[in-house]
Amino acid sequence: MDLLTNPVIVLLLVLAGIVILSAATRALRLYAGRDYFKDKVVILTGASRGIGRELALALAKQGAHLVLAARSADQLDAVAKACRDINATIDVITVPTDVTDEAQLTRLIKATLNRFGRIDILLSNAGILQGGVVAEMDFNSIRRQIEVNLIAGMRLVQLVLPPMLAQGEGHVVLMASAGGRHSMPYITGYCASKHGLVGFGEGLRREVAGKGIGMLTVKPGFAATDMVTSAEPAYRKMGFQMIPPERIARRTLAAVILGRREITIGLVENVAQWSSATAPVLGDLFWRLFMPAEFPELLSKQKTE
Ligand SMILES: NC(=O)c1ccc[n+]([C@@H]2O[C@H](COP(=O)([O-])OP(=O)(O)OC[C@H]3O[C@@H](n4cnc5c(N)ncnc54)[C@H](OP(=O)(O)O)[C@@H]3O)[C@@H](O)[C@H]2O)c1
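Residues numbered from 1 in each chain as written. Predicted model: local features only at pLDDT ≥ 70, side-chain atom pairs only at ≥ 80, totals over all residues. Heavy atoms only, no water.

**Description of the pairing of strand β3 (residues 92-96)**
The criterion, for reference: Whether two strands pair comes down to DSSP finding at least two bridges between them. Labels follow the DSSP assignment, with helices taken as runs of H or I lasting at least four residues and strands as runs of E lasting at least two, numbered in each case from the N terminus.
Bridge analysis of strand β2 (residues 65-70) against β3 gives five bridges, and the strand direction is parallel. Paired with Leu 66 across the two strands is Val 92, which belongs to β3.

This is the structure:
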């Protein structure tokens, strides 16, 4: 009884109550939306491996019809087969696409509409990373990251919006990065492209509000895919955990069902983002104090193309 007169204990109990209540509400909403993806037509770019592959498998499990796009036709076919093996009731097509090629993007949209007659969800996930020292690196490498990660994503959104607006519903998901709110040294071109994508998503969300279009921007921390192979030891030294790509897929689909606008995946990444927004000096200090000596060299080797 005495405990309940202690304001600190009461505050802790209230906080615990809020946490439990919000977790229970979230679980109930996810349960209610368990059929959300069933028979939805989803275009997924960057579907040939990594996070995209996991998204494809998770969507297949939940009954979505899939249009899988990336450049590597063989890898796409393997992912399509794995999706059909998971769920024989879904329709899966592959459309080998370089997202930086306008004609190929148009073909992707046409192939989807010809086969399914509608586009319910765009998951713009294709991306590349090229590390390097700004003062020394080839500028074409920065330009290419902007083209693949930002310009192609924006153009694809522009192409899917007319059919979605005509349907009166749709959902756009942009796979950005925690680096889209907290930039890291030696991958500045990548971070700049992701900042652009986050900014595009924020503005577009406000533009399509009330028109039946949902907008989600996903900002994952580091995940163990081709994108971190060289740099992983340096990231680990700094306390970043490698997030399993399956978790990113699971969190992304849950965020669509819950109607979330922006999510950041990763504890350190959430703190880093907060520091960038409110106290950039803290972020600068973190990098000054904790960046391992080998970081520039390892990050300069990190190239996915
Ligand atoms: N891994 C991480 O730590 C991390 C963290 C935050 C955000 N992300 C983001 O998550 C997304 C997926 O990354 P990931 O980690 O899965 O990387 P990944 O394993 O290297 O996969 C990248 C995917 O993008 C596709 N792609 C690249 N260039 C393309 C192009 N020009 N046209 C079409 N497809 C292209 C690749 O397919 P093809 O080569 O077959 O074309 C591949 O399917 C990216 O947007 C990335 O920025 C990753």
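**Things to note about the site of the ligand**
Inclusion rule: Distances are taken per atom, and a residue is near a molecule or strand as soon as one of its heavy atoms is within 4 Å of it. Polar contact is defined as a pair of N or O atoms within 3.5 Å, subject to the rule that within protein one atom must be able to donate a hydrogen and the other to accept it, and that residues adjacent in sequence are counted only when both atoms are side-chain atoms. The method behind every accessible area is Shrake-Rupley, applied with a 1.4 Å probe, and residues are considered shielded solely by the protein chains displayed. Only protein atoms enter the calculation, which uses a 1 Å grid: trapped sets of points that fit a 1.4 Å probe without letting it out are cavities, open sets showing protein on both sides within 12 Å along at least five of seven lines are pockets, and any residue with an atom within 4 Å of a point is a lining residue. Molecule-in-pocket calls rest on the fraction of atoms, with more than half required to lie within 2 Å of the cavity or pocket grid points. For this classification, the nonpolar set comprises Ala, Val, Leu, Ile, Met, Phe, Trp, Tyr, Cys and Pro, the charged set comprises Asp, Glu, Lys and Arg, and every other residue, Gly included, is treated as polar.
By nearness alone, 31 residues border the ligand, and Ser 48, Arg 71, Ser 72, Tyr 190 and Thr 225 come closest of all. Here an oxygen atom of the ligand and a side-chain polar atom of Ser 72 are 2.3 Å apart. The separation between an oxygen atom of the ligand and a polar main-chain atom of Asn 125 is 2.8 Å. Summarising the interface, the protein chains cover 98% of the accessible area of the ligand, which totals 880 Å² for the free molecule. Among the detected pockets, the ligand sits in the largest pocket. Listing elements by their share of the shell around the ligand, those giving two or more residues are α2 (50-61), α5 (139-167) and α6 (188-208). For the shell around the ligand, the per-class residue count stands at 15 nonpolar, 10 polar and six charged.

**Regarding the sheet that holds strand β1 (residues 41-45)**
Using the following cut-off: Axis definition: a line fit to C-alpha positions, over the contact stretch in the case of helices; interaxial angles, taken between N-to-C directions, run 0 to 180 degrees.
A sheet is described by the order of its strands in space; here seven strands give the open sequence β3-β2-β1-β4-β5-β6-β7, paired in parallel fashion. At either end of the open sheet lies a strand with only one pairing partner, and these are β3 and β7 (262-265). Strand-to-strand twist in this sheet, taken as the mean axis angle between neighbours without regard to direction, amounts to 15 degrees. Bridge count for strand β4 (residues 121-124) against strand β5 (residues 170-175) is four bridges, and the pairing is parallel. Across the sheet, the residue bridging to Ser 124 is Leu 174, located in β5.

Geometric descriptors of this kind do not, in isolation, establish any biological role.
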